[in-house]
Amino acid sequence: MDIRDPSLSASAGLLRDVQIPELLWQLHELGRTGCLKVQHGEVVKQLWLKNGDPVFARSNQHSDRLTDRLLARGLITRGQYDAAQQLIAGATGKRIGELMIDAGLIHPRELEESLSEHLLRMLDSMFLWQEGRWEFEADVVSAEPITLHVPTAAIIMGGARHRIPLRRLWEAVGATDQKPLLAPVDRDDAGRAALTAE
């Protein structure tokens, strides 16, 4: 199926035919809303988009757990981590971030910053996948209260910077005499900072 056809409710394909950054850019350019599900071996990651921009991601991989990321960044102690695991075990419908805020284990601002970094790392880890399958289901909306607010171009460039050979990047971008130009929506301070951050 062709992802470029907005009349289709679902599209699917193989990663050997299209890499994640290219697929993500196509969805962005088309302004698609829905859920991109990518499977690489036993690993399954889902990415929700709104008008072509990633807003939330989920993974079945243990290394993609938010609590592990918070512990690694030093935002929670080992005791708080253990308390969070107990909250997860007894959870009844609430997301771990909400549970941790309610329990006083983390401040909302710290959670939002950490979640943004966490989602970016999850996306970044998919950029080198060349084997597996992808599927896009249109018009599926994320119900998550905290979402990602990073320009798609910044996500792709961040992931591509040291991982995709320069020749392949130029093939994807086009002629080497082109000069990148930020879209008006990305010309604010947040967009520029995201594109230039190391």
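Structure shown above.
Quick caveat, the model's predicted, so the values are computed rather than measured.

Visitor: Help me understand the pattern of salt bridges in this model?
Guide: Note that side chains of opposite charge can pair when their charged atoms are close. Evaluated as defined, the whole model comprises two salt bridges. Salt-bridge contacts for Arg-65 lead to Asp-68; the nearest nitrogen and oxygen are separated by 3.2 Å. For Arg-65, a relative accessible area of 33% puts it in the partly exposed group. Close ionic contact of Asp-82 with Arg-78 constitutes a salt bridge, the shortest N to O distance being 3.6 Å. Taken together, the positions of Asp-82 and Arg-78, both in helix α3 (residues 78-89) and four residues apart, correspond to about one turn of that helix. By relative accessible area, which is 36% here, Asp-82 ends up partly exposed.

Visitor: Looking at this structure, how should I read the packing of aromatic side chains?
Guide: The geometry of an aromatic ring pair is captured by two quantities: the separation of the ring centres and the angle between the planes. Taken as a whole and assessed by the stated rule, the structure comprises one aromatic pair. Ring geometry for Trp-48 versus Phe-56: centroids 6.0 Å apart, planes at 50°, classification tilted.

The rules behind the values
- Residues numbered from 1 in each chain as written.
- Predicted model: local features only at pLDDT ≥ 70, side-chain atom pairs only at ≥ 80, totals over all residues.
- Heavy atoms only, no water.
- Salt bridge = Lys/Arg side-chain N within 4 Å of Asp/Glu carboxyl O.
- Buried < 20%, exposed > 50% of the residue type's maximum accessible area, 1.4 Å probe, protein only.
- Helix = DSSP H or I, 4+ residues; strand = E, 2+ residues; numbered from the N terminus.
- Phe/Tyr/Trp six-rings, centres within 6.5 Å; stacked < 30°, edge-to-face > 60°.

Keep in mind these numbers describe shape, not what the thing actually does.
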